[in-house]
Number of protein chains: 2
Amino acid sequence: MNITEQAAMALAMDLLDQRKVPESHALIQSRVLVEAELKGHPSHGLQRLPRILSRLEKGLIDGKTTGEARWRSGAVLDVDGKKGLGPVVAMAALGRLEERIAETGIALAAIRNNNHLGMLAHYVEHIAARGRIGIAMSSSEALVHPHGGTRAMLGTNPIAIAIPTADRPMVLDLATSTVSMGKIHYHAANGWPIPAGWARDAEGRPTTDAARATQGAIAPFGGAKGYGLGMAIELLVAALAGSALAPDIQGTLDDRIACNKGDVLIAIDTLAAPDLALRLSAYLDAVRSSVPADPEIAVSIPGDGASRRRQASLADGFPIEVPLWDALNSLNLTPSSVL
Amino acid sequence: MNITEQAAMALAMDLLDQRKVPESHALIQSRVLVEAELKGHPSHGLQRLPRILSRLEKGLIDGKTTGEARWRSGAVLDVDGKKGLGPVVAMAALGRLEERIAETGIALAAIRNNNHLGMLAHYVEHIAARGRIGIAMSSSEALVHPHGGTRAMLGTNPIAIAIPTADRPMVLDLATSTVSMGKIHYHAANGWPIPAGWARDAEGRPTTDAARATQGAIAPFGGAKGYGLGMAIELLVAALAGSALAPDIQGTLDDRIACNKGDVLIAIDTLAAPDLALRLSAYLDAVRSSVPADPEIAVSIPGDGASRRRQASLADGFPIEVPLWDALNSLNLTPSSVL
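Since the model is a prediction, treat every value here as computed from it, not as a measurement.

Caption draft 1: Structural view of the relation of the copies chain A and chain B. For the pair chain A and chain B, the superposition axis carries a translation of 0.0 Å, the fit reaches an RMSD of 0.0 Å, and the rotation angle comes to 180°. Both chain copies can therefore be described as sitting about a two-fold axis. If distances are taken from each C-alpha of chain A to the rotation axis, the shortest is found for G222 of chain A, at 1.9 Å. Most of the interface of chain A is mirrored in chain B, where 100% of its interface residues are also at the interface.

This is how it looks when you write it as structure tokens:
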């Protein structure tokens, strides 16, 4: 079935409101989840909401806090998320970075004790909308095996980067795993197999069974290089946020334990040069119009697909699995959302 | 043949001295090249020296300058390399970052009009040796085709990241291409074919001929994700340094034109927590001892191989192709180096 942005937002807002989340916080959390749906990434969309609600009910998420932030140094903000809603704490941290960046030109927020942020693209897009370069990284449960290894030792350790141009920004958002664990759960929830090479089972053997893969380990993307990038993010986040390392991380995929992963957000002023933004856009257009490998499929820029899907979803709604929509509605204590 | 670190340093120093490079600058440039050899990366080693010498002779490199730097904002250093030796300008910029980072906690240098830096690992290791996280990125000539494309539109856009631990730092250093163009040139120079999937020729067709590949385009590593990372580095460097974009970049692979790529160096203070460095080292050891896919090959951490090769090279010397060693010696106007 297809649902509209408005229906999805209304339901998510209701569900959060019923768990005593202030309206402004419910709006931020709902927006992050619905944006993922609009962009065609259901693995980071409403599928995550039941777990968030359960964590709110159990006190593993405090829906009211924005965390506690203090400047560790002139341009580095130390944030204790105090078990807040991930997007609420992160957006508050981005607001605090504005205090310093006009003077320092670069500012970084290191966040611990915070819940899952959802799609990182959302935060770097927020930074890029203010004309700055945005970088975001998170750590996560041990879900990824090393290149040449078999056991889950690293998080999926996503990184997002947005660069403003004269048109819309370029927006990169990738997990350093071959796929996100969210996508494997999405396959498992729908009873679909996964492609060979994506994952190993709990015994370290290659598998195409999504359910078995959720108990095992995902392959890093891009062999040794992708593994290296994931390892760098693993250490970088822990070294800046003081958060746990993957084998000790919990609380992003369960509703039993407080979340102890870390997040790093960076904003950087671009060079103030009159033709720079236009030069970047012209370059991206040249790449888009360069000769493709398949004459039917034009070359695209990171973020092009998400932007196109978002436009289509705003016009026509987005697809959602009926069992998920039903499950969400069953959590609605006082139905008021309109389809 | 095998040569010693001392012989390589002496020859490189002589060759640079003969081109009027001050001793302290010759030492920095020679060290970067010889370190690449010691670490087993000849593509970034002495093979690059004849081009540097030719560029010095033609005035495309000014061996005497350290560039001109000014603080663009509190924590962002704007550097005009003034055609200096790449490593000399970069090391001077790292020195300037020290002025501010104790106060700001993070500092960034954006460098334009500078020559090739060589292996980026060198710079982030320098930062990590001072207890900080180091990140380095460079842009380069258009050598890499987009994912789904056929034409060289991006640089190989390397990134290096070093994180200090209680043992030696983790050091990641990767080109966002499947291989560096240096390695393809190395294959071409030795008459070796390249593996399928590495590159396309000037007409956009897949090729295993290294010489034809040097006229065409290298594949990005890791498919769409590696391409995305390369594109992010492409834009990020240009947006910070005001340097050219790949299709307009020249001067890192030729001895005809001033170099107009860009470099970005970032240093970040880690969290001051007493057990942090030990915690990172213990984690890395746990990864190293995790079950490998091949029982004969232990899991390794980024930088382990380079560190191991460096130790061996310091003891036993490193291999060098005879034609290269002969070519270097033929450029020596007053032979004084000892083997």
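And the narrative resumes.
Caption draft 2: Structural view of the interface of chain A and chain B. Taken together, the contacts link 71 residues of chain A with 71 residues of chain B. Taking both partners together, chain A and chain B bury about 5400 Å²; carbon and sulfur atoms supply 75% of that area. Seen at the junction of chain A and chain B, the total is 22 residue pairs in polar contact (both at pLDDT 80 or more). It is helix α8 (residues 223-241) of chain A that contributes the most residues to the side of chain A that touches chain B, 14 residues altogether.

Caption draft 3: Inspection of the environment of G191 of chain A at higher detail. All names here are of chain A. Mapping G191 onto the fold places it in the loop between α6 (181-189) and β8 (199-200). Classification of G191 by relative accessible area gives exposed; the value is 62%. Sequence spacing of G191 and K64 is 127 residues, and the spatial spacing of their C-alpha atoms is 37 Å.

Caption draft 4: Local environment of the sheet that holds strand β11 (residues 262-269) of chain B. Residues and elements named next belong to chain B. Ordered by their spatial adjacency, seven strands build an open sheet running β2-β3-β4-β11-β5-β6-β7, and the pairing between neighbours is mixed. What marks the edges here is a single partner per strand, and that holds for β2 (68-73) and β7 (170-174). Within the sheet, the average angular offset between the axes of one strand and its neighbour, ignoring direction, is 15°. In terms of strand pairing, strand β5 (residues 132-138) meets strand β6 (residues 159-163) through four bridges, oriented antiparallel. Within β6, the position partnered with M137 by the bridge is I159. Contacts between helix α5 (residues 121-128) and the sheet are confined to β5, β6, β7 and β11, with β5 contributing the most and set at about 160° to the helix. The strands touched by helix α8 (residues 223-241) within the sheet are β2, β4 (106-114), β5, β6 and β11, with β11 carrying the most contacts at an inclination of about 90°.

Caption draft 5: Region of interest: the pattern of salt bridges. All names here are of chain B. According to the stated counting rule, one finds 43 salt bridges over all chains in the structure shown. Among the salt bridges present, the one from D78 reaches R72, with a minimum N-O distance of 2.9 Å. With a relative accessible area of 4%, D78 lands in the buried category. The partner of D78 in a salt bridge is R112, and the shortest N-O contact between them spans 3.0 Å. Here D78 is found in strand β3 (residues 76-84), whereas its partner R112 is found in strand β4, with 34 residues between them in sequence. On the basis of relative accessibility, which here comes to 22%, the residue R112 falls in the partly exposed class. Where salt bridges share partners, they join E5, R31, E35, K39, E125 and R310 into one cluster.

Caption draft 6: Representation of helix α11 (residues 322-330) of chain A. All names here are of chain A. The complete set of buried residues in α11 reads L324, W325 and L328. For α11, the angular spread of the buried residues around the axis is 100°, confining them to a single face. Exposed residues lying more than 90 degrees from the buried face of α11 are P323 and S330. Its buried side turned inward, α11 meets β1 (2-3), α1 (5-17) and α3 (49-57).

Caption draft 7: Quick peek at the packing of helix α2 (residues 23-38) of chain A against helix α10 (residues 304-316) of chain A. Residues and elements named next belong to chain A. As a packed pair, α2 and α10 sit with axes 8 Å apart at the nearest point and diverge in direction by 100°. In this view, α2 runs roughly perpendicular relative to α10, as classed from their interaxial angle. Along the contact surface, α2 presents E35, E37 and L38, while α10 presents R309, R310, S313 and L314. Considered class by class, the residues forming the contact of α2 with α10 number two nonpolar, one polar and four charged.

Reading the values: rules and limits
- Residues numbered from 1 in each chain as written.
- Chains lettered and ligands numbered in written order.
- Predicted model: local features only at pLDDT ≥ 70, side-chain atom pairs only at ≥ 80, totals over all residues.
- Heavy atoms only, no water.
- Least-squares fit on C-alpha atoms with pLDDT ≥ 70 in both.
- Contact = heavy atoms within 4.5 Å.
- Buried area = accessible area lost by both parts, 1.4 Å probe.
- Polar contact = N/O pair within 3.5 Å; in protein donor to acceptor, adjacent residues only side chain to side chain.
- Helix = DSSP H or I, 4+ residues; strand = E, 2+ residues; numbered from the N terminus.
- Buried < 20%, exposed > 50% of the residue type's maximum accessible area, 1.4 Å probe, protein only.
- Pairing = 2+ DSSP bridges.
- Axes fitted to C-alpha atoms, helices over the stretch in contact; angles between N-to-C directions.
- Salt bridge = Lys/Arg side-chain N within 4 Å of Asp/Glu carboxyl O.
- Arc of directions from axis to C-beta.
- Parallel < 35°, antiparallel > 145°, perpendicular 65-115°, else oblique.
- Nonpolar A, V, L, I, M, F, W, Y, C, P; charged D, E, K, R; others polar.

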